[in-house]
Amino acid sequence: FNVWCLDWRGQGRSSRFNTARPSARIFSRDAEDLAAFIRAVSPEGRRRLLVAHSMGGAIALLMLRNAPSLADAAVLS
């Protein structure tokens, strides 16, 4: 198994313009970031299971709508 974890822009240790208040989400950009991340780190020819929770689930759904071939299965809560 290869396990990768991705947090959206502005979370975790990434930088924010204004640390007191998060910026508005651009969900299409977040979905594009997720797709780019999967393409960059996930080996070709391996089965891919996408697991996402809360807002990550919404971002994953957008990504899957635009690039369904990037995951063989998904568990979203």
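Let us look at the structure shown here. (Residues numbered from 1 in each chain as written. Predicted model: local features only at pLDDT ≥ 70, side-chain atom pairs only at ≥ 80, totals over all residues. Heavy atoms only, no water.)

## Digging into the overall build of the chain
Looking only at helices and strands, the chain features two helices and two strands. The linear arrangement of helices and strands in the chain, starting from the amino end, is α-β-α-β. The 77 residues of the chain split such that 23% are buried. Pairs at least 24 apart in sequence give 62% of the contacts found in the chain among residues at least 6 apart. Summed over all atoms, the accessible surface of the chain reaches about 6000 Å², with 57% contributed by carbon and sulfur. (Helix = DSSP H or I, 4+ residues; strand = E, 2+ residues; numbered from the N terminus. Buried < 20%, exposed > 50% of the residue type's maximum accessible area, 1.4 Å probe, protein only. Contact = heavy atoms within 4.5 Å. Areas by Shrake-Rupley, 256 points an atom, 1.4 Å probe, with all protein chains shown as cover.)

## Overview of the pattern of salt bridges
Counting across every chain of the model gives one salt bridge. We note a salt bridge from Glu44 to Arg48, for which the minimum N-O separation is 3.7 Å. A relative accessible area of 70% means that Glu44 is categorised as exposed. Look at Arg48 and you get buried, because its relative accessible area is 14%. (Salt bridge = Lys/Arg side-chain N within 4 Å of Asp/Glu carboxyl O.)

## A few points about the pairing of strand β1 (residues 49-52)
By the alternation rule, side chains of β1 split into Leu50 and Ala52, which are all buried, and Leu49 and Val51, of which none is buried. Sheet topology places β1 next to strand β2 (residues 73-76); four bridges connect them, and they run parallel. Counted as the bridge partner of Leu50 is Ala74 from β2. Read as a crossover between parallel neighbours, the route from β1 over helix α2 (residues 55-66) to β2 is right-handed. (Pairing = 2+ DSSP bridges. Right-handed = clockwise from strand over helix to strand, strands pointing away.)

## With respect to the nonpolar core
Core analysis: the largest hydrophobic core is formed by 13 residues, its most contacted members being Leu34, Ile38, Leu50, Ala60, Met63, Leu64 and Leu70. Not counting the four nearest positions on each side in its chain, Met63 is found in contact with Ala31, Leu34, Ala35, Ile38, Leu50, Pro68 and Leu70. (Core = buried A, V, L, I, M, F, W, Y, C linked by side-chain atoms within 4.5 Å.)

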